[in-house]
Amino acid sequence: MVIPWAVKTMLGLIFLGYLIIWVLTPTHLWCTNWVLVLHARTDTKYFGWQGVYMLIYTFPVLLIAVFACLYLHLTKNGGKYPSKAERKRLAAWKRPVLLKGSLGVVSTLELIFLSMFLALLVWCFSNYLSNDYQEIEKGVVTVDSDGRRWVQKLRGFGLYLGVVGNISCGFLFYPVTRGSSILPLVGLTSEGSIKYHIWVGHITMIFFTAHGLTFLLYWAITNDLVEVLKWDKTEISNVAGEIALVFGLALWITAIPRLRRKMFELFFYTHQLYALFMFFYILHTGFTGFTVVLPGFYLFLIDRYLRFLQSRQKVRLVSARLLPCETLELNFSKSPGLNYCPSSIVFINVPSISSLQWHPFTINSNSNLEADKLSVVIKKEGTWTAKLYEILASPSTVDRLEVSLEGPYGPVSVDFLRHDSLVMVAGGSGITPMMSIIRELIFRKATLNCPTPRILLLCAFKHSADLTMLELLLPASGVPINIVQLQLEIKAFVTREKEPSMGYKNQVRTICFKPKPTDMPFSAVLGPHSWLWLGAIISTSFVLFLIIMGIIGRYYIYPIDKNTYEVFSTSSRAVLNMLVICAVIIGIASIATLWNKRQNAREGKQIQNIDAPTPTTSLSSWANDNDIELESFPQQHNSLMQNTQVHFGLRPDLKKMLLEYEGSSTGVLVSGPSEMRHEVAVICSSSSAGNLHYEAISFNW
């Protein structure tokens, strides 16, 4: 299509120009010539210096985000898959190269971009520092009263640590913007980008901490520790920076992996301090310096407010299925207009357990096969899931459970279809994203009669009761296809039992709820045309922000300050800007959401509680050897179970199975513990696995 190609070309050109700006930014030519010329030729009565910096650093990213929304809307029904030659080149870039260390599994492409990011920071720091030291040597910059140039160089060293930390902070919010239009543009998902947020967060806090410590040392050497308590009206506010650093250190320390795993609630609640961190950070840098961070933070604020609006709606929970392996499936009513790709996730909040905690779970239903239902599978593993399971498993289960959802978030295309065959490796509850993928393939085979890849599902469970999770592979209502046509083979391994226990014979228990009339079917916060609405919110709110700040600058700030930056408070200017940004985002996003909410409400009135009690089924017979066939499932599962093998007391020999699996292009999707993901990554990165293409699906980083 011509239009998507043109939009994509425009995006590439804007991004290239933005990269050139970043390369030129720390150079002497840029700092002493081009920026000054641009400022001189710009009418600064409206925006002052911050107008120039918004034009350079903020506007290009927001423009990319808007064009990305348009591109994703135009290509939302899928595009052309790459050819075999293109597929081979793409696979080489995505092959894991780093398999050990704190970074986890890192692909070639990720390593290149990480190296480019670090190179940018080093380039900026070295150039800023070199220019500063040259001015000190030439006597342009005044040294201290004792004539010690090294002391002034120490100050410059600390200053530019903060400047480069500010650049790093500019990339901090892109990976955690769940509804981002930029991430899917480069083939990323929000949950798959969390590790980038962690990497950038570590780098940012290293620079900020070094920046603070260097200035403490500088003030101590110059006998000027009183600067610690300085809150300058028109220059840098030291107190605000120190407060921001304290909040940042709290975020950083509680995010240490071992501490996060052991005390998740401490990490979760402490991480909400990001709002205070950013508030004092803006007061410290001033809004002009913050324009480097502003584009990512602006997109994050829009996303965060849209998530807030969506979370206020109570969703209609229709039924739940409780499996004997302490696993449950929640079935929600959803709007038929809500579409999502396999392996998408939703965040769930149950106020009766915690009004603040939101937990991500993979959707195991398929929006094409089940147009009016959305399902998630939750295994009892942590404190929150244990409380939820106890509520539903109790004999006096309530008729209604109040639940809110956010999302769905996930890939915008079914990339796994580009492979000739698929090997899905799942450990325990990691099988849930595989369910949605299998159901998507069922839909494409049954309804569209499309060719689908051959599938091998390798799943490992601790106990035989966990095998009942296989019953959730197919929709409870049955599927209009002979599963044999799907070329699906399942190999299940029970690692801690050498023979089946009796627990698996417990029947699946179904609970039907009676939702309130106010409970609505789950729907996208911006409706079926969400990308267009998001682009409209970004562009309209930013234009409105410029108009309001232009009026405030011209008729309130400029008469006081005359662009001298020596009268009007820097902190007041920063607070004014952020108040206007928050106001326009709240106003525009609320209007868009209310408009779509009316459409969703009309659709919701037409949806009835269509979920009937699910037939109670279970695995009922096993052979006594270690290689057996399942033959006792309900009728709609029989054809599936005929191709299922169960092995007791064994762990899957992944290396042998993967390397011997035939296929010119085999996608290896792995979801489970980090040890399993690492093992699969090692196998796929070996020289003898040229046809294997690794992809991990996980929330655990």
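As shown above, the structure is provided for reference.
Conventions we followed
- Residues numbered from 1 in each chain as written.
- Predicted model: local features only at pLDDT ≥ 70, side-chain atom pairs only at ≥ 80, totals over all residues.
- Heavy atoms only, no water.
- Helix = DSSP H or I, 4+ residues; strand = E, 2+ residues; numbered from the N terminus.
- Buried < 20%, exposed > 50% of the residue type's maximum accessible area, 1.4 Å probe, protein only.
- Contact = heavy atoms within 4.5 Å.
- Areas by Shrake-Rupley, 256 points an atom, 1.4 Å probe, with all protein chains shown as cover.
- 1 Å grid on protein atoms, 1.4 Å probe; cavity = no way out; pocket = protein on both sides within 12 Å on 5 of 7 lines; lining within 4 Å.
- Points joined across faces, edges and corners; volume = space filled by probe spheres on them.
- Nonpolar A, V, L, I, M, F, W, Y, C, P; charged D, E, K, R; others polar.
- Expected span 1.5 Å × (residues − 1).
- Bend = angle between axes of the 7 residues up to and from the residue.
- Pairing = 2+ DSSP bridges.
- Axes fitted to C-alpha atoms, helices over the stretch in contact; angles between N-to-C directions.
- Patch = residues over 30% accessible without salt bridge, like charges linked within 9 Å, V, L, I, M, F, W, Y side chains within 5 Å.
- Salt bridge = Lys/Arg side-chain N within 4 Å of Asp/Glu carboxyl O.
- Core = buried A, V, L, I, M, F, W, Y, C linked by side-chain atoms within 4.5 Å.
- Phe/Tyr/Trp six-rings, centres within 6.5 Å; stacked < 30°, edge-to-face > 60°.
- Lys NZ or Arg CZ within 6 Å of the ring centre and 35° of its normal.
- Parallel < 35°, antiparallel > 145°, perpendicular 65-115°, else oblique.
- Left-handed = near helix turned anticlockwise from the far one by under 90°.

Novice: Looking at this model, I keep getting lost on the overall build of the chain. Mind explaining?
Specialist: Counting secondary structure elements, the chain contains 19 helices and 16 strands. Scored against the burial criterion, the 701 residues of the chain give a buried share of 52%. Residue pairs in contact within the chain that sit at least 24 positions apart in sequence constitute 78% of those at least 6 positions apart. In the form shown here, the chain has an accessible surface area of approximately 31900 Å², with 61% of it arising from carbon and sulfur atoms.

Novice: Which parts of the structure should I look at to understand empty space enclosed by the protein?
Specialist: Over the atoms rolls a probe the size of a water molecule, and in doing so it shows where empty space is left. Across all of its chains, the model carries 3 cavities of 30 Å³ or more by this definition. Reported here for the largest cavity is a volume of approximately 100 Å³. By residue number, the principal contributor to the lining of the largest cavity is helix H15 (residues 530–561), which donates 5 residues. Of the residues contributing to the lining of the largest cavity, the split by class is 5 nonpolar, 5 polar and 3 charged.

Novice: I keep staring at helix H11 (residues 274–290) and nothing clicks. Help me out?
Specialist: Given 3.6 residues per helical turn, the α-helix brings residues three or four places apart onto the same face. With 17 residues, H11 extends just 15 Å between its outermost C-alpha atoms, more than 12% less than the 24 Å of an ideal straight helix rising 1.5 Å per residue. The largest bend in H11 is about 75°, located at histidine 284. Listed in full, the buried residues belonging to H11 are Phe277, Met278, Phe280, Tyr281, Ile282, Leu283, His284, Gly286, Phe287 and Phe290.

Novice: Which parts of the structure should I look at to understand the sheet that holds strand E3 (residues 317–323)?
Specialist: Two modes of strand pairing occur in sheets, parallel and antiparallel, and in both the strands are linked by backbone hydrogen bonds. Taken in spatial order, the 4 strands make up an open sheet running E7-E4-E3-E12, and their pairing is antiparallel. For this open sheet the edge positions go to strand E7 (373–379) and strand E12 (509–512), each flanked by a neighbour on one side alone. Averaged over neighbouring strand pairs, the angle between their axes works out to 15° when direction is ignored. Contacting E3, strand E4 (327–333), E7 and E12, helix H13 (residues 383–393) runs over the sheet at an angle of about 75° to E4.

Novice: I'm lost on a nonpolar patch on the surface in this one. Help?
Specialist: Taken together, Leu109, Ile112, Phe113 and Met116 make up a surface patch of nonpolar side chains, about 340 Å² in accessible area. Positionally, methionine 116 belongs in helix H5 (residues 108–138). Among the residues examined, methionine 116 registers a relative accessible area of 46% and is labelled partly exposed.

Novice: Mind showing me how you'd approach the pairing of E4 here?
Specialist: Note on strand geometry: in a regular strand, side chains alternate between the two faces of the sheet. Most of E4 sits out of view: 7 of its 7 residues are buried. The two faces of E4 match: Thr327, Glu329, Asn331 and Ser333 on one face and Leu328, Leu330 and Phe332 on the other face are all buried. Bridge count for E3 against E4 is 6 bridges, and the pairing is antiparallel. Within the sheet, the bridge partner assigned to leucine 317 lies in E4 and is phenylalanine 332. The hairpin formed by E3 and E4 contains 3 residues between the paired strands, and glutamate 326 there has a positive phi angle of roughly 55°.

Novice: How should I be thinking about the nonpolar core in this particular structure?
Specialist: Among the nonpolar cores identified, the biggest contains 80 residues, and Phe287, Phe290, Tyr298, Phe545 and Ile581 are the most heavily contacted of them. Look past the residues within four positions of isoleucine 581 in its chain and what remains in contact with it is Phe287, Leu294, Tyr298, Leu301 and Phe545. Formed by 38 residues, the second largest nonpolar core is a distinct cluster that contains Cys325, Ile431, Met434 and Met469.

Novice: What's the story with the packing of aromatic side chains in this structure? I'm lost.
Specialist: Here a ring pair, both rings aromatic, is described through the centre-centre distance and the interplanar angle of the planes. For the structure on display, the rule yields 32 aromatic pairs. Both rings, one in phenylalanine 215 and one in tyrosine 218, keep their centres 6.3 Å apart while their planes meet at 80°; by these two values the pair is edge-to-face. In this pair, phenylalanine 215 and tyrosine 218 both sit in helix H7 (residues 194–221), 3 residues apart, roughly one turn of the helix. As far as burial versus exposure is concerned, phenylalanine 215 and tyrosine 218 are alike and both buried. Judged by centre distance (6.2 Å) and plane angle (25°), the ring pair of phenylalanine 247 and phenylalanine 280 falls under stacked. With phenylalanine 247 in helix H8 (residues 238–254) and phenylalanine 280 in helix H11, this pair connects stretches of sequence that are 33 residues apart. In this structure phenylalanine 280 comes out as buried when scored by relative accessible area, which is 16%. Every member of this aromatic cluster is reached through a ring pair, and the members are Phe173, Phe208, Tyr274, Phe277, Tyr281, Phe287, Phe290, Phe297, Tyr298, Phe300, Phe542 and Phe545. The aromatic ring of tyrosine 133 is capped on one face by lysine 153, whose charged end is 5.2 Å from the ring centroid.

Novice: In this structure, what is going on with the environment of phenylalanine 297? I would like to understand it.
Specialist: Tracing the backbone shows phenylalanine 297 in helix H12 (residues 294–311). Phenylalanine 297 sits in the buried class, given a relative accessible area of 6%. The contacts of phenylalanine 297, once residues within four sequence positions are left out, are Phe173, Met278, Phe290 and Met578.

Novice: Just to check I follow, could you spell out the packing of helix H6 (residues 149–169) against H7 for this structure?
Specialist: Helix-helix packing is described using two parameters, namely the angle between the two axes and the distance between the axes. Where H6 meets H7, the closest approach of the two axes is 8 Å, and the angle between their N-to-C directions is 155°. The orientation of H6 relative to H7 falls into the category roughly antiparallel. The crossing of H6 and H7 is left-handed. Split by residue class, the contact of H6 with H7 holds 17 nonpolar, 9 polar and 1 charged.

Novice: Quick question: what am I supposed to make of the sheet that holds strand E6 (residues 359–362) here?
Specialist: One open sheet accounts for 3 strands, arranged E6-E5-E8; its pairing is antiparallel. At either end of the open sheet lies a strand with only one pairing partner, and these are E6 and strand E8 (404–409). For this sheet, the mean inter-axis angle between neighbouring strands, taken without regard to orientation, is 30°.

Novice: I'm lost on the pattern of salt bridges in this one. Help?
Specialist: Pairing is possible between side chains that carry opposite charge, provided their charged atoms lie close to one another. Tallied over the full model, the rule gives 17 salt bridges. Lysine 195 is the salt-bridge partner of glutamate 110, the closest N and O atoms lying 2.9 Å from each other. On the criterion of sequence distance, the pair formed by glutamate 110 in helix H5 and lysine 195 in helix H7 is long-range, its members being 85 residues apart. On the basis of relative accessible area, lysine 195 is assigned to the buried category, the value being 10%. A salt bridge links glutamate 406 to arginine 178; its shortest N-O distance comes to 3.1 Å. Here the residue glutamate 406 occupies a position in strand E8, and arginine 178 occupies one in the loop between H6 and H7, the gap between them amounting to 228 residues. Look at glutamate 406 and you get buried, because its relative accessible area is 3%.

Novice: Help me understand the packing of H7 against H8 in this model?
Specialist: At their nearest, the axes of H7 and H8 sit 10 Å apart, and the two run at 140° to each other. Between H7 and H8, the interaxial angle falls into the category oblique. For the crossing formed where H7 meets H8, the hand is left-handed. Residue-level contacts link His202, Met205, Ile206, Phe208, Thr209, Gly212 and Trp219 of H7 to Asn238, Glu242, Leu245, Gly248, Leu249 and Trp252 of H8.

Novice: Teacher, can you tell me more about unusual backbone geometry here?
Specialist: Outside of glycine, negative phi angles account for most residues, and trans bonds account for most peptide bonds. Residue proline 408 is reached from glycine 407 by a cis peptide bond, and omega for that bond is -5°. Mapped onto the elements, proline 408 comes out in strand E8. Unlike most non-glycine residues, asparagine 223 shows phi in positive territory, near 55°. Note on placement: asparagine 223 falls in the loop between H7 and H8. In this model, serine 343 sits at a positive phi of 70°, which is unusual for a non-glycine residue. Counting through the fold element by element, serine 343 comes out in the loop between E4 and strand E5 (345–349).

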